[in-house]
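An overview of the molecular structure
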There are 2 protein chains.
Amino acid sequence: MKKITIGDAARQSGVKVPTIRYYESIGLLAAPSRSEGNQRSYEPADVRRLAFIRHARELGFEVDAIRTLLTLQDEPDQPCASADAIAKARLIEVEQRIRSLMALKAELEMMVEGCGHGRVDQCRVIEVLADHGQCTHAHH
Amino acid sequence: MKKITIGDAARQSGVKVPTIRYYESIGLLAAPSRSEGNQRSYEPADVRRLAFIRHARELGFEVDAIRTLLTLQDEPDQPCASADAIAKARLIEVEQRIRSLMALKAELEMMVEGCGHGRVDQCRVIEVLADHGQCTHAHH
DNA sequence: CTACATGCTCTAGCGACTAGAGGTGCAAGA
DNA sequence: TCTTGCACCTCTAGTCGCTAGAGCATGTAG
Ligand SMILES: [Zn+2]
Ligand SMILES: [Zn+2]
Ligand SMILES: [Zn+2]
Ligand SMILES: [Zn+2]
């Protein structure tokens, strides 16, 4: 019976007010009912949905993936294979990203630690940037 | 002999043609001279500059940082402290990103491996997404 | 000379928001 | 009751680093 304003929904879900409106505009969250003064009025289920979205975003899922996951959530008797596939794809993505960043980290360490902090024309940072041949990894 | 077209510059530097024009439009690369038919004509130094930009982008430096690095490169007798600071900042960024992604990886593994691949209402993936309390890390 | 590749400018779109302008609604204190 | 002031509304435009396309002009090989 209590009306949940967009501000309340934001506080309870951790999703910012403009972002909630944005999610509505892209059809990720259904348009809620309105008060007499045309203000959005949410149900507890909407807040749970927002928290779900936020958590999925924090874990790096794209909005399109979240759209699919939300649809699945609404069909509890279906097999969960596609949800698992989405999560697994994200996991593989993250693993690749970590590998790539570790290689990057190595290059950056070489640059930073290799520099004697003198003049620019002796700077290891600038030197390596100007010549990828100085890198230990062939591809970044 | 010379007359490096934008296509040649692209092939030699690894930066795509529209991207070169984009870099010119944001002032990252100086506008080159033009041929009689109004076509861009680059010097070898421009191609080196493009390769520098590309390498820096591959290492994840932002365009604004690259702008600073390029300015520094043009002043070889200056101290390289600010170049080193930019690289170090990027290194710290990368290290933080790796840590964050490792935590993410752990959560995703729990989700993917914890699921018995049955019905959606028993899916570990959906369950964890709906409740951050199920996560091992407090913050993502 | 004729194709066709490459070049030109300009505009719009991507993802996932964020910021601001300019207006309305609403609750609480004086 | 009035007023203050925050919360809410819509709409537009900006962020970053490109990328895609339209509709032309130019350059080159056969
Ligand atoms: Zn240095
Ligand atoms: Zn390199
Ligand atoms: Zn599952
Ligand atoms: Zn979590």
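Since the structure is predicted, the reported quantities are computational estimates derived from the model, not experimental observations.

The rules behind the values
- Residues numbered from 1 in each chain as written.
- Chains lettered and ligands numbered in written order.
- Predicted model: local features only at pLDDT ≥ 70, side-chain atom pairs only at ≥ 80, totals over all residues.
- Heavy atoms only, no water.
- Near = heavy atom within 4 Å.
- Polar contact = N/O pair within 3.5 Å; in protein donor to acceptor, adjacent residues only side chain to side chain.
- Helix = DSSP H or I, 4+ residues; strand = E, 2+ residues; numbered from the N terminus.
- Donors = N, O, S within 2.8 Å, 3.2 Å for Na, K, Ca; no water.
- Tetrahedral: all angles 85-135°; square planar, octahedral: opposite > 155°, others 65-115°.
- Least-squares fit on C-alpha atoms with pLDDT ≥ 70 in both.
- Contact = heavy atoms within 4.5 Å.
- Buried < 20%, exposed > 50% of the residue type's maximum accessible area, 1.4 Å probe, protein only.
- Arc of directions from axis to C-beta.

Some remarks on the protein's contact with DNA strand D
Taken together, 18 residues sit near DNA strand D, with Gly-7, Arg-21 and Arg-40 of chain A together with Tyr-23 and Arg-57 of chain B positioned nearest. Looking at DNA strand D alone, sugar and phosphate atoms form 89% of those within 4 Å of the protein. Between DNA strand D and the protein, one listed contact pairs a phosphate oxygen with a side-chain N or O atom of Arg-21 of chain A at 2.4 Å. Interatomic distance of 3.0 Å between a side-chain N/O atom of Arg-34 of chain A and a phosphate oxygen of DNA strand D. Secondary structure elements with two or more residues in the surface near DNA strand D: α1 (6-13) of chain A together with α2 (17-25) of chain B.

Observations regarding the coordination of the zinc ion (ligand 4)
Coordination of the zinc ion (ligand 4) by the protein comes from His-55 of chain A (NE2), His-132 of chain B (ND1), Cys-135 of chain B (SG) and His-140 of chain B (NE2), over a distance range of 1.9 to 2.2 Å. Note that the zinc ion (ligand 4) binds four donor atoms; their angles at the metal cover 105 to 117°, and the shape is tetrahedral.

Quick look at the relation of the copies chain A and chain B
With an axial shift of 0.0 Å and an RMSD of 0.1 Å, the rotation relating chain A to chain B amounts to 180°. The transformation just described matches what one would write down for a two-fold rotation axis. Minimal C-alpha distance to the rotation axis in chain A is attained by Ile-98 of chain A, lying at 3.0 Å. Looking at the interface residues of chain A, 100% of them are also at the interface in chain B, so both copies use one shared face.

Here's the deal with α2 of chain B
Residue and element names in this part refer to chain B. Within the sequence span of α2, burial applies to Ile-20, Tyr-23 and Glu-24. The buried side chains of α2 occupy one side of the element, clustering within an arc of 100° when seen end-on. Looking at α2, the residues exposed on the side facing more than 90 degrees away from the buried face are Pro-18 and Ser-25. The inward-facing, buried residues of α2 contact α1 (6-13), β1 (33-34), β2 (40-41) and α3 (44-58). The positive-phi residue at the C-terminal boundary of α2 is Gly-27, with phi of around 75°.

Re the protein's contact with DNA strand C
Taken together, the neighbourhood of DNA strand C is formed by 19 residues, with Tyr-23 and Arg-57 of chain A together with Gly-7, Arg-21 and Arg-40 of chain B sitting nearest. Sugar and phosphate atoms represent 87% of those atoms of DNA strand C found within 4 Å of the protein. Interatomic distance of 3.1 Å between a side-chain N/O atom of Thr-19 of chain A and a phosphate oxygen of DNA strand C. Between Arg-40 of chain B and DNA strand C, the recorded distance is 2.8 Å, taken from a backbone N or O atom to a phosphate oxygen. Mapped by element, the contributors of at least two residues to the surface near DNA strand C are α2 (17-25) of chain A together with α1 of chain B. If you tally residues by element for the surface near DNA strand C, the top one is α2 of chain A, at three residues.

A closer look at the side chain of Ser-13 of chain B
Take Ser-13 of chain B: it is sitting in helix α1. Beyond its immediate chain neighbours, meaning those up to four positions away, Ser-13 of chain B contacts Val-47, Leu-50, Ala-51 and Arg-54 of chain B.

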